[in-house]
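Architecture at a glance
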4 protein chains.
Amino acid sequence: MNTFGNIFRLTSFGESHGEAIGGVIDGCPPGIIVDKSFIQNELNRRKPGQSHLTTSRREADEVEFLSGIFEGRTTGTPIGFIVRNTNAHSSDYDNLRDIFRPSHADYTYLQKYGLRDHRGGGRSSARETVARVVAGAFAKMALKKSGIEIVAYTSQVGAIRLDKPYSELDFSLLESNPVRCPDPEKAQQMIDLIETIKKEGDTIGGVVSCVCRGVPAGWGEPVFGKLHAALGNAMLSINAVKGFEYGMGFDGVRYKGSEMNDAFYRRPDGKTGVKTNHSGGIQGGISNGEDIYFRVAFKPVATLFKEQQTVDVAGNEIPFKAAGRHDPCVVSRAVPVVEAMAAMVILDYALLADALAFNTM
Amino acid sequence: MNTFGNIFRLTSFGESHGEAIGGVIDGCPPGIIVDKSFIQNELNRRKPGQSHLTTSRREADEVEFLSGIFEGRTTGTPIGFIVRNTNAHSSDYDNLRDIFRPSHADYTYLQKYGLRDHRGGGRSSARETVARVVAGAFAKMALKKSGIEIVAYTSQVGAIRLDKPYSELDFSLLESNPVRCPDPEKAQQMIDLIETIKKEGDTIGGVVSCVCRGVPAGWGEPVFGKLHAALGNAMLSINAVKGFEYGMGFDGVRYKGSEMNDAFYRRPDGKTGVKTNHSGGIQGGISNGEDIYFRVAFKPVATLFKEQQTVDVAGNEIPFKAAGRHDPCVVSRAVPVVEAMAAMVILDYALLADALAFNTM
Amino acid sequence: MNTFGNIFRLTSFGESHGEAIGGVIDGCPPGIIVDKSFIQNELNRRKPGQSHLTTSRREADEVEFLSGIFEGRTTGTPIGFIVRNTNAHSSDYDNLRDIFRPSHADYTYLQKYGLRDHRGGGRSSARETVARVVAGAFAKMALKKSGIEIVAYTSQVGAIRLDKPYSELDFSLLESNPVRCPDPEKAQQMIDLIETIKKEGDTIGGVVSCVCRGVPAGWGEPVFGKLHAALGNAMLSINAVKGFEYGMGFDGVRYKGSEMNDAFYRRPDGKTGVKTNHSGGIQGGISNGEDIYFRVAFKPVATLFKEQQTVDVAGNEIPFKAAGRHDPCVVSRAVPVVEAMAAMVILDYALLADALAFNTM
Amino acid sequence: MNTFGNIFRLTSFGESHGEAIGGVIDGCPPGIIVDKSFIQNELNRRKPGQSHLTTSRREADEVEFLSGIFEGRTTGTPIGFIVRNTNAHSSDYDNLRDIFRPSHADYTYLQKYGLRDHRGGGRSSARETVARVVAGAFAKMALKKSGIEIVAYTSQVGAIRLDKPYSELDFSLLESNPVRCPDPEKAQQMIDLIETIKKEGDTIGGVVSCVCRGVPAGWGEPVFGKLHAALGNAMLSINAVKGFEYGMGFDGVRYKGSEMNDAFYRRPDGKTGVKTNHSGGIQGGISNGEDIYFRVAFKPVATLFKEQQTVDVAGNEIPFKAAGRHDPCVVSRAVPVVEAMAAMVILDYALLADALAFNTM
């Protein structure tokens, strides 16, 4: 259950304060040129300490590749990789050995496994997403050759919500501010809010939106492996995610079919297109060639610097106040993770579509 | 990709206007007493023609079991079953052979497969959910012995939204009205709305909420098989679903961590409990022993009786107006499907938890 | 665990004396022309009562297709099918309810499941292979278009062994005798032996050999999904199989590397070929374009008409003598089952190879 | 396809001359005490250079654990590990970049992937089995607590065959000679043969036998996941394996059912036992509580120091003579690999049996 995907697969390992985070990428198409600076840049977008809005833990997050790459290209064999943990302050967690932090996984891990590595949340730490970003970078490199592009951005922090449709946004502005919101005005409001929240020792939730462009029609499975179900499953596997919607999403339930249906028309190039795209690029679980877009809800980070009530493993009620280094809002660092998971799903479904095509023979 | 689950698995088959819908349930624990009237009742809750709010297609939806049951009990071997299609009016669809109905899967199926059974939507028809309801009934029968109960209900139709928390609802009223909303007042408003929409020849969306009670702490996988990701994947595999959220969901992003965290306390029985349950019964992907609750968004049904624009397979733009029999709002019939999928996931995770427990030895 | 395959998958169900044997074929490429008489002919090759060498149980073994086929072609959606049991003499088994037949699965099923359908061996009956023959027929139809041909034959019954290499055999003679041995002289010896054994009320083992021609180079996975491992797994899943070897097999261990290595050479067409084929068409788990050949060992049928010692479920030692209708030697009816499983594996690996090829984009 | 197992799973990575061989063990039960010296000893049994009968490549084969272990116990989370390659002489392989070594995977890898890491066979090297031995050691540690013991030994080298049944062997002698044959007389003959073969610059095949003791009745799946099929699949995934047989195997086909059936009897402890064990501890795919035993055929090593004919990637015929360091016979080093794969299968099926048992509830 630490493996993700059908054909393109990531098996992930590692705890927050263990030796390393790492993974094995299996099923990566052979012959992909490996751009290590691109991969490192993706990791840098996720890594802690990149701005004053994120945790001050400082990790180089340099990836070491151990297999599956030869003379600068993927070989089709599994790509093993590790990212060593270098800045773990495990002593920050000494007092947490016997305490269940509220809304963390401490209690449930102990119930499931009977024992746990309490340091930094162990396996439940979002540090595990390092492995996903690496695997996602390979998926992006593979998808690039056919013009598929995946872009995520922060669309909500607390009550500050970017309501413009993605088609009106300038994604070149995405990395111009530390919250990764492509609307400068909203971005500033979000930054201000996070700074305020941080000063309070509190945390706040948010939403990451994502657009996948260039996916051809015909990818996805009709019943249980619907493309949007795979994307939803992927997003819900990211730490702190509480919801997923695509296309019209939850808001669309208020409308009539006659308002929400996407009329087909003949495009100038002769192909079939849709006039609106309320479907979000997927119909009946299968891509229709339009942009795929979806939204992912992140709860406020559970670690905050105010006193909370909890119990210890012996069942004693005790007050608890977190120490250590944590993010006041997770969404800006979640943006590359959402992109990575989306890229992995899209590539996996490209390969599944190939399997169906029965081309070899 | 027509198989769902890890240990408890449903493989589903069948088209809307083919010979039969059916499935194979694999991994069902042996020795479960098979209550055929219960199974039929679950099917009746899903079947068409049960009220004036649903399609007038009339199907007996009687299930025939072909294997895996001996002397009234499950044997642990696969349970094959079929439900014959008896009331298919395939001629209603003759004119659809070459037309892409807007916001249906006609276009994407043809792109994926190169050919398709156009009659009644073929495999993309919600009639496929018959198989899920049968499998879900077995999951419910297996879960019942440990007191796990799964209840879904309609919480929104169009803009009419039931905002009461589920704990204030009387689920005994669930089947007392045709929309399956346990709040009689809201139910009537929903019914009125659906009747109005139906008269217009239009359709409307809605939301189904679901609660799983009695799930013990410790079920779920920590990274890629998170319990809520499995539930989300399950729900997003249901026809017309556009979104999934659990616990605080999308609404929770507006709040601070100090407002949303669930403080632990010592319950009177000495066990660890939470004062609030914003987490929705799952923390770090693993159940914590509290109620699991989530919401599922259904778009308005794509088939409506107003003229729409579309194209045919040759790329010609043509007007289109549906004939045949269809639901103006899908949520009331989706309620048992949501329950069925939830039950399948919960039982599957119970069995996975057993695998981890390493009890046999 | 009643599902076989990665992309092309069979999920099988049904007991020997239940309502029906059936299955669901998932992942079958769309557009394959369905030749129902071919499928029935494959079933006829497997069915009981086809000669005096086989059990006298008479089953029409007519298959009913329930989905996945439209206007004579596969649609790419799951193909559900059933074959009803019509000639089950369950009363033959009344006395077996509480007895463990020697070398049958009665004891182990009860240990595993805690209860069992004892009639005719229930799920452990070789009657289950009906579903495999149907699925194998679809695989053969799909493979035929690229010239891949799979032929199995009886190469040993008891001590009577056909030692000629397959390349010297005339496969057109395969169906000319009831043991399916393409060497008429050996065939007659085998038939004589089986008749003698049958008169004794005893049974005898045998070997089925199989050749797959036309498989291109490059199919198979390098480490855990080696093509020969998949074939071995497939063959070992057939009832009564005790061994699998491919290429030089067990006999080859006596030789030196210099005797067994297959020297490469340039074929007249410029392609790379091998002078010998001790490797059996697979090197490093991947097909090399040569014929794939392997042998499968079947034990003597466990049901025989001599008195044996056994115990009942209460642990009492009792004598036991089988009644009913049974095969004195299973190999002639196993030939189409071996072919079916081989065809399923080869097609599955064709589709996996497509997935790797990453052609769609 | 670099992942093995259902619940207990190994994902393996690494090339012979890459940075490292490694893997991720997923699904290992939590709380297992990790005996690092035992793991290292298992690796030492497999490693090159351990005697004059094996390749002179010298690797420390020291394993570094990166995750999944806390305070000396498994945590239930994935165990990432690496073994660095330190003694790779890649220059030995410079001349092999464009040559297909006979009966190696060079040609098939290139056909499959379009490119390959030619150094030392890359991913097709038996060096990959390092990862399996590590994972197998964990499986053994988990199985030990319930008294399950897995022992493999060399039973044949070339034509020298140990025909004594395993029950007459003294396994304490297993490590007393470098071929790992527990019969000292046969061992010496095998050693002499290998030395002779080595002097000739040639190689020879052999057979490894394996016994699994203490497996309780009821493990295994009835149709496609038969316990012996899983074992066969596991063994056939090991480099150079050409055949697998269990219980009576290929030899048993010559016998009558009345000779081969295992009569049940009431054991002194009141349980059901068998007087003979021709079934090899598995009936109908499910363990019956008796010893499980099987044999695995290994071909002669393909790398030998005599001139052979081959072609290069351009299709030119050229003579070829291997340089480098290689084993004249692989079986002694294969013994721990066979044990490791068997242990992984048995533990996996223990956990699957738990899943069926539905104990949690």
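Bear in mind that the values here come from a model prediction, so they are computed numbers and not experimental data.

1. Structural notes on the pattern of salt bridges
Evaluation of the coordinates by the stated rule reveals 100 salt bridges over all chains. With a closest N to O distance of 3.2 Å, E221 of chain B and K112 of chain A form a salt bridge. Of the two residues, E221 of chain B is situated in the loop between β10 (206–213) and α5 (227–236) and K112 of chain A in helix α2 (residues 106–113); the pairing between them involves two chains. The salt bridge partner of R46 of chain B is D61 of chain B, with a shortest N-O separation of 3.5 Å. In this pair, R46 of chain B sits in helix α1 (residues 36–46) while D61 of chain B sits in the loop between α1 and β4 (63–65), placing the two residues 15 residues apart along the sequence. By relative accessible area, R46 of chain B is classed as buried at 3%. For D61 of chain B, a relative accessible area of 1% corresponds to the buried category.

2. Focus: the interface of chain B and chain C
The partner chain C presents 41 residues to the 41 residues of chain B that form the contact. Here chain B and chain C share an interface that buries about 3,100 Å² over both sides, 58% of which is from carbon and sulfur atoms. Across the contact surface, chain B and chain C share 4 salt bridges. Its salt-bridge partner being R84 of chain C, residue E64 of chain B comes within 3.0 Å of it at the nearest N-O pair. Elements represented by at least two residues in the side of chain B that touches chain C include exactly β2 (9–13), β3 (20–26), β4, β6 (73–74), β7 (79–84) and α2 (106–113) of chain B.

3. Section: the confidence of the model for chain A
Residues of chain A with pLDDT of at least 70 account for 98%, and the chain-wide mean is 93. The complex model carries a pTM of 0.97, and its ipTM stands at 0.96.

4. A look at the interface of chain A and chain B
Residue-level contacts link 106 residues of chain A with 106 residues of chain B. In total, about 8,000 Å² of surface goes out of reach between chain A and chain B, with carbon and sulfur atoms giving 62% of it. Of all residues in chain A, the largest losses of buried area upon contact with chain B belong to M1, F224 and K242 of chain A, amounting jointly to 12% of the total for that side. For the pair chain A and chain B, the number of links is 4 salt bridges. The interface formed by chain A and chain B holds 39 residue pairs in polar contact (both at pLDDT 80 or more) in total. Residue composition of the side of chain A that touches chain B, grouped by class: 47 nonpolar, 39 polar and 20 charged.

5. Topic: the relation of the copies chain B and chain C
Each of the two chain copies goes to the other by way of a rotation about an axis and a shift along it. Of the transformation placing chain B onto chain C, the axial shift is 0.0 Å and the rotation is 180 degrees, giving an RMSD of 0.0 Å. Expressed as an axis order, the relation between the two copies is that of a two-fold axis. Of the residues that chain B buries at the interface, 100% are likewise interface residues in chain C, meaning the two copies contact each other through the same surface.

6. What to know about the packing of aromatic side chains
Tallied over the full model, the rule gives 42 aromatic pairs over all chains. By way of ring pairs, the aromatic residues F65, F81 and F138 of chain A are connected into one cluster. Looking at K144 of chain C, its charged tip hangs above the ring of F38 of chain C, at a distance of 5.3 Å from the centre. The lysine or arginine in question, K112 of chain D, covers the ring of Y113 of chain D, its NZ or CZ lying 5.5 Å from the ring centre.

7. Quick notes on the state of the cysteines
Summed over the entire model, instances satisfying the criterion amount to 0 disulfides over all chains. Lacking any disulfide linkage, C329 of chain A is separated from the closest cysteine sulfur, that of C181 of chain A, by 12 Å. Unpaired in terms of disulfides, C212 of chain B finds its nearest cysteine sulfur in C210 of chain B, a separation of 4.5 Å.

8. Things to note about helix α2 (residues 106–113) of chain C
Helical periodicity: at 3.6 residues per turn, an α-helix aligns residues three or four positions apart in one direction. Most of α2 of chain C is tucked away, with 6 of its 8 residues classed as buried. For α2 of chain C, the full list of buried residues reads D106, Y107, T108, Y109, K112 and Y113 of chain C.

9. Thoughts on the environment of E62 of chain A
Mapped onto the fold, E62 of chain A is located in the loop between α1 (36–46) and β4 (63–65). Sequence separation of E62 of chain A and G285 of chain A is 223 residues, and the distance between their C-alpha atoms is 37 Å.

10. Overview of the side chain of K226 of chain D
Within the secondary structure, K226 of chain D is located in the loop between β10 (206–213) and α5 (227–236). This buried residue, K226 of chain D, is left without a salt bridge; E128 of chain C holds the nearest opposite charge, at 6.0 Å. Among the polar contacts listed, one links the side chain of K226 of chain D to the backbone oxygen of V223 of chain D, at a separation of 3.3 Å. The residues touching K226 of chain D, leaving out its near neighbours within four places in the chain, are R132, L236, S237, I238 and N239 of chain C together with E221, G284, G285 and Y349 of chain D.

11. Details of the sheet that holds β3 of chain B
Strand pairing in a sheet relies on backbone hydrogen bonds. The paired strands run either parallel or antiparallel. Residues and elements named next belong to chain B. If you walk across this open sheet you meet the 5 strands as β1-β2-β3-β7-β4, and the pairing is antiparallel. Only two strands of the sheet have a single partner each, and these edge strands are β1 (3–4) and β4. Sheet topology places β3 next to β7; 6 bridges connect them, and they run antiparallel. By the bridge assignment, A20 is partnered in β7 with R84. Set on the sheet, helix α3 (residues 129–144) makes contact with β2, β3, β4 and β7; between it and β3 the angle comes to about 30 degrees.

12. Observations concerning the environment of I238 of chain C
Locating I238 of chain C in the fold gives a position in the loop between α5 (227–236) and β11 (241–246). By relative accessible area, which is 3% here, I238 of chain C ends up buried. Spatially, the C-alpha atoms of I238 of chain C and Y107 of chain C are 19 Å apart, while their sequence positions differ by 131 residues. Residues within four places of I238 of chain C in sequence aside, it is in contact with R132, F298, V337, V338 and M341 of chain C together with K226 of chain D.

Criteria and cut-off values
Residues numbered from 1 in each chain as written. Chains lettered and ligands numbered in written order. Predicted model: local features only at pLDDT ≥ 70, side-chain atom pairs only at ≥ 80, totals over all residues. Heavy atoms only, no water. Salt bridge = Lys/Arg side-chain N within 4 Å of Asp/Glu carboxyl O. Helix = DSSP H or I, 4+ residues; strand = E, 2+ residues; numbered from the N terminus. Buried < 20%, exposed > 50% of the residue type's maximum accessible area, 1.4 Å probe, protein only. Contact = heavy atoms within 4.5 Å. Buried area = accessible area lost by both parts, 1.4 Å probe. pLDDT = per-residue confidence, 0-100. Polar contact = N/O pair within 3.5 Å; in protein donor to acceptor, adjacent residues only side chain to side chain. Nonpolar A, V, L, I, M, F, W, Y, C, P; charged D, E, K, R; others polar. Least-squares fit on C-alpha atoms with pLDDT ≥ 70 in both. Phe/Tyr/Trp six-rings, centres within 6.5 Å; stacked < 30°, edge-to-face > 60°. Lys NZ or Arg CZ within 6 Å of the ring centre and 35° of its normal. Disulfide = S-S within 2.5 Å. Lys, Arg positive; Asp, Glu negative; His and termini not counted. Pairing = 2+ DSSP bridges. Axes fitted to C-alpha atoms, helices over the stretch in contact; angles between N-to-C directions.

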